[in-house]
Structure formats: structure tokens, C-alpha cells
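# Residue-level structural notes
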Amino acid sequence: MDGTALTPEAATSLARWHEMIAAGDLSGLTEIVHPDAVFSSPVAHTPYRSGDAVVLAVSTAFAVFSDFTYHRTFVADGGRDVVLEFRARVGDRDVHGIDMIAFDDDGLIVAVEVMVRPASGLQALGKEMGERIGKQLTSYA
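These lines cover the structure that appears in this document, whether it is placed above or below. (Residues numbered from 1 in each chain as written. Predicted model: local features only at pLDDT ≥ 70, side-chain atom pairs only at ≥ 80, totals over all residues. Heavy atoms only, no water.)

## Remarks on the layout of surface pockets
- The calculated volume of the largest pocket comes to roughly 330 Å³.
- Along the walls of the largest pocket sit 27 residues, with F39, A57, A61, V114 and M129 positioned nearest its centre.
- Among the elements that line the lining of the largest pocket, the one with the most residues is helix α3 (residues 119–138), at eight residues. (1 Å grid on protein atoms, 1.4 Å probe; cavity = no way out; pocket = protein on both sides within 12 Å on 5 of 7 lines; lining within 4 Å. Points joined across faces, edges and corners; volume = space filled by probe spheres on them. Helix = DSSP H or I, 4+ residues; strand = E, 2+ residues; numbered from the N terminus.)

Have a look at this one:
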């Protein structure tokens, strides 16, 4: 990390994000997600455009993962973008990924883009997500 810090507003929302993850309760996610936020899935070409889609996708993915932990944080110049590196399991598959999160001036999340590897873990995640919320999530595309 180069010493770049998040804006105070983004830092407050990110702290809330980490509190929810640690508690295993994402019910407060709507409070920090902008209504027009965009979710970019690692298994779908088209982004999902709605704060509701972000909340649905993130909450469901968190429920699919087990042993989820963040390991590193990178903050981009400008202080409104962060990359969170994580490790988790999907069934019997280990996954390693990143959450790229962008915040607006008020500290609300305006974009979440997720990348996951290896391919076998990504496929397991896609299968689980599709079974749980596939039709519902595609309505936001």
C-alpha cells in the first residue's frame, strides 16, 4: 500500500462492511449501498444495475462461502476505491478472490466487482449462486 487513505466517508462505510462480515449479518448492507449501484459478477458478462442487485448478490455470495476471511486491503489514489483480497471455500473448493468496491462522495457503495480463482472454485460459486438467485438476479441485468 502506498499510504493512500480512504476518504472519511468511504472509511466509515468500509468499517461498517467489515463489521457486518465479522458478525455474519449483512442485513444492514442497504444502508451503505447507493440505490443505483452496480454489481459485476465473476460469472456473468452483463453487470447488474441496482442497489438491490448488489445487496442480493453480496448477501447470497456470503451465505455460499464458508471460512471467509479478508487478507489484504489496497486503496486506490483518490481514496474512494478499495480492493479487498479474500480466501474462502465453496463446498469442497478453495477460492481466492478480490472485491473491488467504489464509493461515492457520501461514502455509499456505487460499484462492487468480484473476481475469483481458480476456475473450479468459480464454477462452484456460479452453480450455487445460480441455484439460489439466478432468475432473480438476472432481472437486474
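## Quick word on the pattern of salt bridges
- Summed over all chains, the structure comprises seven salt bridges.
- The partner of R93 in a salt bridge is D92, with the nearest N and O atoms 3.7 Å apart.
- Measuring nitrogen to oxygen at the nearest pair gives 3.4 Å for the salt bridge that ties R132 to E128. Of the two residues, R132 and E128 both sit in helix α3, four residues apart, roughly one turn of that helix.
- Here E128 falls in the partly exposed class, since its relative accessible area comes to 26%. (Salt bridge = Lys/Arg side-chain N within 4 Å of Asp/Glu carboxyl O. Buried < 20%, exposed > 50% of the residue type's maximum accessible area, 1.4 Å probe, protein only.)

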